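Residue-level structure breakdown
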Amino acid sequence: MSAEAISNLGIGLQRVGAGELRDYLQLQGEVMLDPVRVALVPARLSGVVDSIAVSVGDAVKPGDELAMVSSKELSDAIMAYVKTEWAFRHSMHVLERETTLREKDINSEEQLMEAEHEYHAAEGDHSVALQHLHLLGYTEAQLHRYLERPDLQDLTVFTVRAPIAGFVLDRNLERGAAVEPGRELFRIADLSHLTVQFKIPLRHLRSVQAGMTVQVFSEALEMRSGAEVVRIVNQVDPASRTVSAKATLPNLDLRWSPGMPARIDIAGVAVPVDCVVPLAAVHEWNGDEAVFVRVAGDSFALRPVKIGARDATQAEVLSGLEPTEEIATTNSFLLLAEWENQTTEE
């Protein structure tokens with residue numbers, strides 16, 4: 001075939017050489033809550049629900065009131081703290097007095113030791129009572145207001161507060177209901193960042209890496225956002241031949257919602273290969289894959305090759321070609337048609 005004929009037919013030529021393969025994947029996934037941004041709010045003591053301040057879907061800030069619970073257990077804990085606080089203060093005063101008297105050799109060593117023992121016992125009781133109330137969110141400064149006139153304070157009302165900023169997803173209580181410690185009352189989630197769960201086919205695993213950016217697309221809402229791959233599970237599902245992956249999806253504008261299906265578009269990691277050819281150059285011939293190699297002058301020969309990995313536009317050649325050989329690429333199917341005609345005539 002003359003150079004003019006090659007030009008007229010629009011047959012592209014390319015020298016064989018090293019290159020890179022890059023997968024372009026479209027995978028299906030689901031938008032989900034980020035587990036580290038979810039807070040369960042349990043009942044911390046037994047009681048009866050007096051009031052509820054929020055509903056499902058409400059936005060809350062840390063410390064916002066969620067509900068109020070009347071609890072005899074709370075009043076018992078506060079009064080136990082008040083008792084141990086006064087006992088602790090008294091034992092401290094006694095220890096200071098006995099220490100002073102001992103320095104003046106007025107009392108005995110046994111009296112001082114007894115005062116020290118009572119002080120440490122009172123200190124332990126005080127610490128236990130205080131820790132119990134710390135778990136309920138009270139500070140020691142708040143508790144000191146009960147010391148002077150506990151009869152003037154409402155000791156039974158406990159306020160359930162939001163531990164994080166976010167939105168109320170679940171509310172599992174009603175006014176007048178009895179609650180017990182450990183029962184989940186609310187579930188709150190920070191929706192400013194979500195996750196996208198998807199599965200990567202094993203044959204494409206080397207094209208996806210943690211830290212790379214993927215595009216998350218909602219076909220229903222026709223919107224797209226970038227997400228960072230944060231985890232690829234090092235375990236293959238034997239049934240589907242896939243591995244699970246997770247990407248973090250920024251959602252400051254709250255456009256995305258948990259449970260939404262999504263398509264994940266991935267421009268994979270570039271993988272260098274020693275010999276690469278365009279897919280347009282590869283043809284099937286007698287059950288094998290082959291390419292047209294330019295030989296003497298303007299002649300072409302159909303040569304079998306062994307193809308390895310491929311992406312959307314290129315293929316790796318494992319054997320059958322030498323570096324710098326020239327092959328037909330664009331419109332090489334015209335050469336295949338001519339080759340088939342010549343073969344048939346022969």
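Fair warning: this is a prediction, and the values are worked out from it, not measured in the lab.

Let's talk about the overall build of the protein
Each helix and strand in the protein was counted, giving six helices and 22 strands. Here the C-alpha radius of gyration of the protein, 38 Å, is well above what a compact globule of 346 residues would show, namely 20 Å. In terms of its C-alpha atoms, the protein occupies a principal-axis envelope of roughly 125 × 55 × 35 Å. Within the span of the protein, comprising 346 residues, buried residues form 38% of the whole. For the protein, the proportion of contacts with a sequence separation of at least 24, taken over those separated by at least 6, is 73%.

Things to note about the packing of aromatic side chains
Applying the stated criterion to the full structure yields two aromatic pairs. The interplanar angle of 75 degrees and the centroid separation of 5.9 Å between the aromatic rings of F292 and W339 together place this pair among those described as edge-to-face. Taken together, the residues span a long stretch of sequence, with F292 in strand β19 (residues 288-294) and W339 in helix α6 (residues 333-345) at a distance of 47 residues. Positioned above the aromatic ring of W86, the side-chain terminus of R89 is 5.2 Å from the ring centre.

Points about the side chain of S71
Among the structural elements, S71 can be located in the loop between β7 (65-70) and α2 (72-103). When its relative accessible area of 1% is taken as the criterion, S71 is described as buried. A polar contact is formed between the side chain of S71 and the backbone oxygen of S46, at a distance of 2.5 Å. A polar atom in the side chain of S71 sits 3.2 Å from the backbone nitrogen of L74.

As for the pairing of β19
Where strand β18 (residues 283-285) lies against β19, three bridges are found, and the strand directions are antiparallel. Bridge pairing links W285 to D288 in β19. As consecutive antiparallel partners, β18 and β19 are separated by two residues, and within that stretch N286 has a phi angle of approximately 55 degrees, a positive value. The hairpin formed by β19 and strand β20 (residues 300-310) contains five residues between the paired strands, and G297 there has a positive phi angle of roughly 65 degrees.

Some details on the nonpolar core
By size, the foremost hydrophobic cluster in this structure holds 32 residues, and its most contacted members are L66, L74, Y81, L133, Y138, V160 and F186. The element contributing the most residues to this core is α2, with five residues. If we skip the residues at most four places from it in the chain, L74 touches L45, L133, L136, Y138, L155, T156, V157 and F158. One finds V229, A245, W256 and I264 within the second-largest nonpolar core, a separate group that totals 26 residues.

Let's talk about the environment of A247
Of note, A247 is situated in strand β15 (residues 242-250). Relative accessible area serves as the criterion here: at 1%, A247 is assigned to the buried category. In the structure, A247 is positioned 21 residues away from G226 in sequence and 9.4 Å away in space, judged by C-alpha atoms. Other than its neighbours up to four places away in sequence, A247 contacts L194, T195, V196, F198, V214, A227, E228, V229 and V230.

Cut-off values and rules
Residues numbered from 1 in each chain as written. Predicted model: local features only at pLDDT ≥ 70, side-chain atom pairs only at ≥ 80, totals over all residues. Heavy atoms only, no water. Helix = DSSP H or I, 4+ residues; strand = E, 2+ residues; numbered from the N terminus. Rg over C-alpha atoms; globule rule 2.2 N^0.38 Å. Buried < 20%, exposed > 50% of the residue type's maximum accessible area, 1.4 Å probe, protein only. Contact = heavy atoms within 4.5 Å. Phe/Tyr/Trp six-rings, centres within 6.5 Å; stacked < 30°, edge-to-face > 60°. Lys NZ or Arg CZ within 6 Å of the ring centre and 35° of its normal. Polar contact = N/O pair within 3.5 Å; in protein donor to acceptor, adjacent residues only side chain to side chain. Pairing = 2+ DSSP bridges. Core = buried A, V, L, I, M, F, W, Y, C linked by side-chain atoms within 4.5 Å.

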